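Report on the structure
Chain residues, written in single-letter form:
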Amino acid sequence: MRFSSPRKSKAFQHHHRYQRGHQKKIEEYLEILWHMQERHGTNLKKFLVDLQDDWQPSIAEALKKEGYIEATDAEFRFTSKGQAQAVQLIRSHRLAERLLTDVLNMNLDHAETGACEFEHIVVPEIIDAICTLLGHPKACPHGLPIPPGACCRDAKSAIKTAIRNITELQIGEKARVAYINTQSNARMHQLTQLGIRPGIEIWIHQKFPVFVIRLNHTQIALAEEVAKDILVWEPGEK
């Protein structure tokens, strides 16, 4: 015997859409607050000058009422609830950017659009799995820090990482660059100018007394602290 599922009423569907739309708006504002906090700390006046007409007081009131922030006329602070939610959103977004640009080779503008949706729908367990797969990257493609998760702090290895540091490779081994793991724009620019970017294949030519890689027909000497910023796919993975 077949039983048909009861259809949800239009009122229920409307309420569900409203609730989801409201939550997404809350999450977007938490993300905005995080970005502004990275720039200005908790100085709300500077924050409001930057946002101009994009800030809706009603959403700010909802953030306070629902326990995400504490705010005065001068500053705002995340509550523990708001901090946890904001960290998860930012972490999801920036790891999504790494996944889409480094693994799927998407244009950064397109990856940004995808990451904006990704952050609202993916559960923390999947985010930790992606983080582990990528080797726990510290920064997004824009050079902004990725908040660490439990997988980073506990160094979980339930999923074998496909990423290695080039300093772990042996002389003669070759691998394809996955990403540059640095928060320094100057270092990112330096390595990019040398032709070291995601997707490029490199060979380990020498490890001592100085680290030397071969890129196409060019040998490049790198300080060890610079070489440690270059992460590659496990040989044979890509």
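See the structure above.
What you see is a predicted model, and the numbers here were worked out from it, not measured in a lab. (Residues numbered from 1 in each chain as written. Predicted model: local features only at pLDDT ≥ 70, side-chain atom pairs only at ≥ 80, totals over all residues. Heavy atoms only, no water.)

1. A look at helix 2 (residues 44-51)
For the record, the criterion: Only protein chains enter the area calculation, which uses a 1.4 Å probe; residues under 20% of their type maximum are buried, those over 50% are exposed, and those in between are partly exposed. By definition, any uninterrupted DSSP run of H or I lasting at least four residues is a helix, any uninterrupted run of E lasting at least two residues is a strand, and each is numbered from the N terminus. Throughout, the arc means that of the directions going from the helix axis to the C-beta atoms.
Within helix 2, the full set of buried residues consists of Leu44, Phe47 and Leu51. In a view along the axis of helix 2, the buried residues occupy a sector of 55°, so they form one face of it. Across from the buried face of helix 2, at angles greater than 90 degrees, the exposed residues are Lys45 and Val49.

2. Description of unusual backbone geometry
Generally, phi is negative for residues other than glycine and the peptide bonds are trans, each holding for most cases. The omega torsion across Phe208 and Pro209 is 5°, close enough to zero to call that bond cis. Checked against the element boundaries, Pro209 lands in the loop between strand 5 (201-206) and strand 6 (211-215). Even without a glycine there, the phi angle at Asn216 is positive, about 55°. Mapped onto the secondary structure, Asn216 falls in the loop between strand 6 and strand 7 (218-222).

3. Notes on the nonpolar core
How we decide: Buried residues of nine kinds, namely Ala, Val, Leu, Ile, Met, Phe, Trp, Tyr and Cys, make up a nonpolar core once their side-chain atoms join them within 4.5 Å. Working rule for contacts: check all heavy atoms of both residues, and any pair within 4.5 Å makes them a contact.
Among the nonpolar cores identified, the biggest contains 22 residues, and Leu30, Leu33, Phe47, Trp55, Leu63 and Phe78 are the most heavily contacted of them. Of all the secondary-structure elements, those providing two or more residues to this core are helix 1 (10-40), helix 2, helix 3 (57-65), strand 2 (76-78) and helix 4 (80-103). Ranked by residues supplied to this core, first place goes to helix 1 with six residues. Dropping the residues within four chain positions of it, Leu33 is found in contact with Phe47, Trp55, Leu63, Ile69, Phe76 and Phe78. In terms of nonpolar packing, the next biggest core, distinct from the first, is built from 20 residues, Leu99, Val103, Leu134 and Ala162 among them.

4. Regarding the pairing of strand 4 (residues 174-180)
Here is the rule we go by: At least two bridges found by DSSP between two strands is the condition for calling them paired.
Counting buried residues along strand 4, five of its seven residues qualify, which places the element largely inside the surrounding structure. Of the pairings in the sheet, the one linking strand 4 to strand 5 comprises three bridges and is antiparallel in character. Following the sheet pairing, Lys174 is matched in strand 5 by Trp203. Judged from the three bridges that link them, strand 4 and strand 8 (residues 230-233) form a sheet pairing that is antiparallel. Pairing of Tyr179 across the sheet is with Leu231, part of strand 8.

5. Focus: the environment of Ile213
Among the secondary structure elements, Ile213 is positioned in strand 6. We classify Ile213 as buried; its relative accessible area is 0%. Separated by 10 residues in the primary sequence, Ile213 and Trp203 have C-alpha atoms spaced 5.5 Å apart. With sequence-adjacent residues up to four places away left out, Ile213 is seen in contact with Ile166, Ile196, Ile202, Trp203, Ile204, His205, Thr218, Gln219, Ile220 and Leu222.

6. A short note on the packing of aromatic side chains
Rule in force here: Geometry of aromatic contacts follows a simple scheme: Phe, Tyr and Trp rings, the Trp one being its six-membered ring, pair when their centres are within 6.5 Å, and the pair is stacked under 30 degrees between planes, edge-to-face over 60, tilted otherwise.
In the structure shown here, the tally under the stated rule is two aromatic pairs. Residues Trp34 and Phe78 carry aromatic rings whose centres are separated by 6.2 Å and whose planes lie at 40° to one another, so their mutual orientation is tilted. One end of the pair, Trp34, is in helix 1; the other, Phe78, is in strand 2, and 44 residues separate them in sequence. Take Trp34 and Phe78: they sit in the same class, and that class is buried.

7. Describing the pattern of salt bridges
Should their charged atoms come close, side chains of opposite charge can pair. Condition: A pairing counts as a salt bridge when a side-chain nitrogen of Lys or Arg comes within 4 Å of a carboxyl oxygen of Asp or Glu.
Applying the stated criterion across every chain, the model contains nine salt bridges. Here Asp128 and Arg91 are joined by a salt bridge, their closest N and O atoms 2.8 Å apart. In this pair, Asp128 sits in helix 6 (residues 124-133) while Arg91 sits in helix 4, placing the two residues 37 residues apart along the sequence. According to the relative accessible area criterion, Arg91 is buried, its value standing at 2%. The residue Glu201 makes a salt bridge to Arg176 at a minimum N-O spacing of 3.7 Å. Note that Glu201 is positioned in strand 5 and Arg176 in strand 4, a separation of 25 residues in sequence.

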